[in-house]
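Overview (structure and organization)
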Amino acid sequence: MNQFFKNLLLWLIVIATMVFLFNMFSQPQLPQEEVAFSDFIKAVEEGKVEEVTIQGNNIKGKFTDKREFKTFTPNDPTLIPLLREKGVKIVARPAEQSPWYMTVLISWFPMLLLIGLWIFFMRQMQTGGGRAMAFGKSRAKLLTEHEHKVTFKDVAGIDEAKEEVQEIIEFLRDPKKFTKLGGRIPKGVLLVGPPGTGKTLLAKAIAGEAGVPFFSISGSDFVEMFVGVGAARVRDLFIQGKKHAPCIIFIDELDAVGRHRGAGLGGGHDEREQTLNQLLVEMDGFDSSEGVIIIAATNRPDVLDPALLRPGRFDRQVVVPKPDVRGREEILKVHTRKTPLAPDVDLSILARGTPGFSGADLANLVNEAALIAARKGKDRVDMSDFEEAKDKVLMGTERRSLIISEEEKKNTAYHEAGHTLVAKLLPNADPVHKVSIIPRGMALGLTQQLPLDERHTYSKDYLLTNITVLLGGRAAEEVVLKHMTTGAGNDLERATEIARKMVCEWGMSERLGPVTFGKKEEQIFLGRELAQHKDYSEKTAVEIDMEIKRIVTDCYNKAKGLLLENIDLLHALAGKLLEKEVLDGAEIDRIISETKEKREVIN
Ligand code: ADP
Ligand code: ZN
């Protein structure tokens, strides 16, 4: 039954219900005044009634003065003789019948209601469409070797992971060669890493390189409302896999089914446990010499049931990390293969400016840049398109239409110039890439610094410099405009956070010493802090607060001092920003050196 007919039927039921109710409550129209039966008889006896129409026990009629009336009779056998005696004209009608459609409706109504409910339930169960009855079938998608072939050339920046899976490819290409020598091939490989780093892509590439079919299914597809459905799907998936061996079965989001048993909350819990058990049974029940390899992906290996990781199951783990600078450049190269690039595009600069981007983010960046270039009618994508795309991906679209008062704009210009100048004046700050006072997302302005290379550890000096640069915005507002705005709120928050980590996590405070305070539970790979346990006294808490405050205040004073000493540079930068709205690194350098020359002329 397709969607159209289901909708049609639903509407029919709704309309039928309305007709039914309407008829229930609206009696056929009877005009006329209603009189009591006794009054009616009296009127007849007095000869005031001219004519009556009798229908069952209802009587309508006309008085001699032409007024119409109606009444209801008990079964009074003397009525007719009386009427005849008085010479009243009598019209008799058969007792009223409900119209035919009402009869049909009344007898069919419960039936229709049932059908409606049934349709409603079917929809609920299907959760998002799909086949109604194929509950127990796995929903695995099959990708055969010919369609969308992905190879290692499409996967960049994760060379170590590629190397680790090389052996599996060799095995899939020629399973017999391996088994003859008695080698044991892993049944299951678990790809572990943050979202968007190319786990699915890598699994597909393994299939592509080996030239075998690729079945993919997501862990969340197993989780259904009915107990037993997930398990049936797992069974079906393995049957299909064995039929197509050698092949790869890829299970995305393994954590959706593979969570630690007994850790679930509330409903759907038994179902998931059954599914997981079935998965374990199936994995134990076949031999990798059959040529089926299970690859699963997750970004939460910490929540997986330990049984999944035992030998003979997912005993091989391959980490797929976020790419570093070089990796990002490689990935950008892969994704710009088919994009016509202007000569000024330098992918290494782009790679440097996108720390923390995953492969999927970079693919998105290239796509956005191409869209921006197309919208501008260009036939090649140039660096400015990439810059715009990057800002869009990072901060949201420019909001040029946002109306900003002159005063606010001036404030933003000095604020951003403050960040920029402090960064320029401090020797170990990251180079300033761009500064802008075009509102974007939630921010009114933006100073972008690009680290020269990926840093994995930070020195205390570098952290203090970062705090000072963050506070440079607020300091400039105070020095020049003599007032403070709320625009610096986010800067202050970030500065305080760095200072807190310096004291509590990295033991960088002289007063408190190299001790950490407050253990954290981190979500592995997502880097999000879930909870903090307080493991220090109230007195220590006060000291920590004081120490954080001292660090932030020192940095703030340093920023203020630097700006006061170089107030001419601050005015020059802010003035130029007000005029041009965006300055790049080279322009900033030029403004600073030109203003410094003037300084020497005056002296
Ligand atoms: P995951 O499965 O880890 O969440 P995907 O494999 O689905 O990530 O990645 C999504 C998309 O991002 C891919 O289709 C690809 O276009 C791009 N991508 C991610 N990582 C890489 C990479 N290492 N090399 C090339 N492209 C990548
Ligand atoms: Zn700021």
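All residue numbers refer to positions counted from 1 along the written sequence of the respective chain. Written order decides the labels, with chains lettered from A and ligands numbered from 1. Where totals are concerned, whole chains, interfaces and linings use all residues; where local detail is concerned, this predicted model gives features only for residues with pLDDT of at least 70, and gives and counts side-chain atom pairs only at 80 or more. Derived side-chain values reflect all non-hydrogen atoms in the structure, with water molecules and hydrogen atoms excluded from consideration.

1. Section: the site of ligand 1
If you check the shell around ligand 1, you find 15 residues, and the closest are A156, G196, K199, T200 and H335. By the criterion applied in these results, polar contacts are pairs of N or O atoms within 3.5 Å in which, for protein atoms, one can donate a hydrogen and the other can accept it, and in which residues neighboring in sequence qualify only through two side-chain atoms. At 2.8 Å, a side-chain N or O of K199 approaches an oxygen atom of ligand 1. At 2.5 Å from an oxygen atom of ligand 1 is found a side-chain nitrogen or oxygen belonging to T200. Out of a free accessible area of 550 Å², ligand 1 has 78% covered by protein chains. Strands here are runs of E lasting at least two residues and helices are runs of H or I lasting at least four, both read from the DSSP assignment and numbered beginning at the N terminus. Elements with a minimum of two residues in the shell around ligand 1: α7 (199–210), α12 (325–335) and α14 (359–375). The residue makeup of the shell around ligand 1, split by class, is seven nonpolar, six polar and two charged. Here the limits of each domain have been adopted from an automatic or database domain assignment. In this structure, the shell around ligand 1 is formed jointly by two domains, domain 2 (141–319) and domain 3 (325–395), each of which donates at least three residues. Consider each residue's heavy atoms; a residue with any of them within 4 Å of a molecule or strand counts as near. Accessible areas in this description were obtained via Shrake-Rupley with a 1.4 Å probe; residue shielding takes into account the shown protein chains only. Amino acids outside the nonpolar list (Ala, Val, Leu, Ile, Met, Phe, Trp, Tyr, Cys, Pro) and the charged list (Asp, Glu, Lys, Arg) are all regarded as polar, and Gly is one of them.

2. Overview of the coordination of the zinc ion (ligand 2)
Looking at the zinc ion (ligand 2), one finds its protein donor set to be H415 (NE2), H419 (NE2) and D491 (OD), positioned 2.0 to 2.1 Å from the metal centre. Metal donors were taken as nitrogen, oxygen and sulfur atoms no farther than 2.8 Å from the ion, or 3.2 Å where the ion is Na, K or Ca. Water is excluded, so coordination may look unfinished. Site description for the zinc ion (ligand 2): donor spacing in sequence, H-x3-H-x71-D. Within this pair, H415 and its partner H419 are both found in helix α16 (residues 406–425), separated by four residues, close to a single helical turn.

3. As for helix α5 (residues 159–173)
The end-to-end C-alpha distance of α5 is 21 Å, a good match for the 21 Å that 15 residues give at a rise of 1.5 Å each. To get the bend at a given residue, fit one axis to the seven residues ending there, fit another to the seven starting there, and take the angle between those axes. Taken as a whole, α5 carries its principal kink of about 35 degrees at V165. Exposure is judged per residue with a 1.4 Å probe applied to protein chains only, and the accessible area is read against the type maximum: over 50% gives exposed, under 20% gives buried, and values in between give partly exposed. Listing the buried residues of α5 in full gives A161, K162, V165, I168, I169, F171 and L172. A contact between two residues is defined here by any heavy atoms of the two lying within 4.5 Å. On its buried face, α5 is in contact with α6 (175–180), β7 (188–192), α7, β9 (247–252), β10 (292–298) and β11 (316–319). Every helix has an expected span of 1.5 Å times one less than the residues it contains.

4. Re the sheet that holds strand β1 (residues 33–34)
At least two bridges found by DSSP between two strands are what make those strands a pair. Strand order in this open sheet of five strands is β1-β4-β3-β2-β5, and the pairing throughout is mixed. Here the strands that pair on one side only, and so sit at the sheet edges, are β1 and β5 (89–93).

5. Some remarks on the sheet that holds strand β12 (residues 432–436)
The pairing of strands in a sheet comes from backbone hydrogen bonds and takes either a parallel or an antiparallel form. Taken in spatial order, the three strands of this open sheet run β13-β12-β16, and their pairing is antiparallel. For this open sheet the edge positions go to β13 (446–449) and β16 (582–584), each flanked by a neighbour on one side alone. The sheet shows a mean angle of 10 degrees between the axes of neighbouring strands, taken without regard to direction. With three bridges connecting them, β12 and β16 associate as antiparallel partners. Across the sheet, the residue bridging to K434 is D584, located in β16. Geometry is summarised by axes, namely lines fitted to C-alpha atoms with helices restricted to the contacting stretch, and by angles between N-to-C directions that run from 0 to 180 degrees. Against the sheet, helix α20 (residues 567–580) engages β12 and β16, with an angle of about 120 degrees to β16. Against the sheet, helix α21 (residues 585–602) makes contact with β12 and β16, and its axis sits at roughly 90 degrees relative to β16, the strand it touches most.

6. Considering the packing of α16 against helix α17 (residues 460–481)
Put simply, α16 and α17 touch, their axes get as near as 7 Å, and they point 130 degrees apart. By the angle between their axes, α16 is oblique relative to α17. Both α16 and α17 take part in a crossing whose hand is right-handed. Note on element contacts: α17 touches α16 through T468, V469, L470, G472, G473, R474, A476, E477, V480 and L481, opposite K410, N411, Y414, H415, G418, H419, V422 and A423. Split by residue class, the contact of α16 with α17 holds eight nonpolar, seven polar and three charged. Every angle not falling under 35 degrees, over 145, or within 65 to 115 is termed oblique; those three ranges are roughly parallel, roughly antiparallel and roughly perpendicular. Two helices cross in a left-handed way if the nearer one is turned anticlockwise from the farther one by less than a right angle. They cross in a right-handed way if the turn is clockwise.

7. Points about the side chain of D491
Tracing the backbone through its elements, the reader meets D491 in helix α18 (residues 489–504). Of the side chains with opposite charge, R494 comes closest to the buried, unpaired D491, at an N-O distance of 4.5 Å. If sequence neighbours within four positions are ignored, D491 has contacts with H415, H419 and L470. Here the positive residues are Lys and Arg and the negative ones are Asp and Glu; neither His nor the chain ends is included. What counts as a salt bridge is simple: a side-chain nitrogen of Lys or Arg found within 4 Å of a carboxyl oxygen of Asp or Glu.

8. Overview of the nonpolar core
Core analysis: the biggest nonpolar cluster contains 47 residues, and I467 and L570 have the highest contact counts within it. Those elements giving two or more residues to this core turn out to be α16, β12, α17, α18, α19 (538–565), α20 and α21. Each residue touching L570, except ones within four places of it in the same chain, is listed here: Y414, A417, G418, L421, A476, V480 and L563. We define a nonpolar core as any set of buried Ala, Val, Leu, Ile, Met, Phe, Trp, Tyr and Cys residues linked to one another through side-chain atoms lying within 4.5 Å. If you look at the next biggest cluster of nonpolar residues, it comprises 28 residues, including V150, I158, I168 and V212.

9. Focus: the packing of aromatic side chains
Within 6.5 Å between ring centres, the rings of Phe, Tyr and Trp (the latter by its six-membered ring) count as paired, and their orientation is classed by plane angle as stacked under 30 degrees, edge-to-face over 60, tilted in between. The final tally for this structure, using the stated rule, is five aromatic pairs. Ring geometry for F37 versus F40: centroids 6.1 Å apart, planes at 40 degrees, classification tilted. Of this pair, F37 and F40 both sit in helix α2 (residues 37–45), separated by three residues, roughly a single helical turn. A relative accessible area of 17% means that F37 is categorised as buried. Each ring, one from Y458 and one from Y462, has its centre 5.7 Å from the other, and the planes form 5 degrees; the classification is stacked. Taking relative accessible area as the criterion, Y458 reaches 40% and is therefore assigned partly exposed. Residue Y462 is classed as buried on the basis of its relative accessible area of 6%. Among the aromatic residues, those joined into a cluster by ring pairs are F37, F40, F63 and F69.

Note that all results are geometric; they support no functional claim without further evidence.
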